[in-house]
Amino acid sequence: PAMKNGYDVLVVGGGPGGAVAAETAASHGLSVCLVEKRPAIGTPVRCAEGIGQDALREFIDPDPAWIAADIREASVVAPDGTELVLNAKVAGNKVGCVLERKIFDRALVKKAAAAGADIAVKTTATGPVEVNGAIRGAHLTGATPIIHADVVIAADGVESRFTRMCGIDTTVPAAEMMTCAQYVMTDIDIAPGRTVFTVGNEIAPQGYLWIFPKGDRTANVGIGISGEKSGPGHRPKDYLDQYVRSHFPDGKCIEFIAGGVPVCRPLPSTVADGLMIIGDAARVVDPFTGGGIYNAMFTGRLAA
């Protein structure tokens, strides 16, 4: 459908942060357009997909359609193999659920659409519209080449391309960018209601390796290591493959994804004239766990 060329708010990025920002603004009576560069919301999934139950309920009622597994306990494995199992009472907010982000993200964007936001997929913001030094919209690929807006909310993730185009330096030092790789594995022996975090410099230098269950004999098996520690022959995938060979030799991999997670301080300022920056683009990831879904939704609602 045809987009208008003027809105109160333009949201760049259709992840959880952008979706919650669009829904919140639209439900308060503002005209909103959300643009997403990919042809489908929610894919590819560059995420381990875990979130606390209480955190989730602040934004949307849990739906079995997009909850892959309920998590009741967490286990931390030390470098020497010693395992410490924490039940829900001890583990705190690390107990919750593992999402199906492909479906979850879509549900959040549907909520935004139902609140009145216009949605455009396969639409990339190629640069800001500037008026007297203020951001007043974006140039776009797609049917509508330019959208004017009073405020642009940049929710464009770890790359934060739009933010950079606006002249804001979002560079993350290599030591503060975790580089990550993840398989969705099936036909593996796992404890269905337990997340596993394995630490140690031989296993995951300056990071950790995770197993997040996604139903019967299936899990996200992934790793994040410091960008400083990554290089030819010892990239995240190399460490992950080594772990999988020893722990899940007969498992089958049905998906592979790689990405980066900023664990630096948030941007010194997440606003400029006509621009607000949220989620991973604003560098608000939890630097201890690398978790970013909740912080993205929280800052999205705050901005709107």
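Cut-off values and rules
Residues take numbers from 1 onward in each chain, read along the sequence in its written order. Predicted model: local features are reported for residues with pLDDT of at least 70 only, side-chain atom pairs are reported and counted for 80 or more only, and whole-chain, interface and lining totals are derived from all residues. Excluded from the side-chain calculations are hydrogens and water; all other atoms, namely the structure's heavy atoms, are used. Helix and strand labels come from DSSP, where a helix needs a run of H or I of at least four residues and a strand needs a run of E of at least two; each type is numbered from the N terminus. We compute the radius of gyration from the C-alpha atoms alone; for a globule the expected value is 2.2 Å times N to the 0.38, where N is the number of residues. With a 1.4 Å probe rolled over the protein chains alone, any residue whose accessible area is under 20% of its type maximum counts as buried; one over 50% counts as exposed, and the rest are partly exposed. Any two residues whose heavy atoms approach within 4.5 Å at even a single point are treated as in contact. Values of accessible area rely on a 1.4 Å probe in the Shrake-Rupley scheme; residue burial ignores everything except the protein chains shown. Positive charges come from Lys and Arg alone, negative charges from Asp and Glu alone, with His and the N- and C-terminal ends not counted. Every charge is mapped to an atom, namely NZ of Lys, CZ of Arg, CG of Asp or CD of Glu. Orientation is described by axes fitted as lines to C-alpha atoms, over the contacting stretch for helices, and by angles from 0 to 180 degrees between their N-to-C directions. Working rule for angles: under 35 degrees goes down as roughly parallel, over 145 as roughly antiparallel, 65 to 115 as roughly perpendicular, anything else as oblique. Two helices crossing with the near one rotated counterclockwise from the far one by less than a right angle form a left-handed crossing, whereas a clockwise rotation gives a right-handed crossing.

### Notes on the overall build of the protein
- On a plain count of helices and strands, the protein comes out with 7 helices and 18 strands.
- Here the C-alpha atoms of the protein give a radius of gyration of 20 Å, agreeing with the 19 Å that 2.2 N^0.38 yields for 304 residues.
- The proportion of buried residues among the 304 residues of the protein is 50%.
- Put simply, 69% of the contacts in the protein that link residues at least 6 apart link residues at least 24 apart.
- Of the roughly 13,900 Å² of accessible surface on the protein, 54% is carried by carbon and sulfur atoms.
- The average position of the 28 basic charges and that of the 33 acidic charges among the side chains of the protein differ by 2 Å.

### Remarks on the packing of helix H1 (residues 16-27) against helix H7 (residues 293-303)
- Between H1 and H7, the least distance of the axes is 7 Å, while the angle of their chain directions is 25 degrees. Judged on the interaxial angle alone, H7 and H1 are roughly parallel. As H1 packs across H7, the resulting crossing turns out to be right-handed. Residues Pro16, Gly17, Val20, Ala21 and Thr24 of H1 pack against Ile293, Ala296, Met297, Gly300 and Arg301 of H7.

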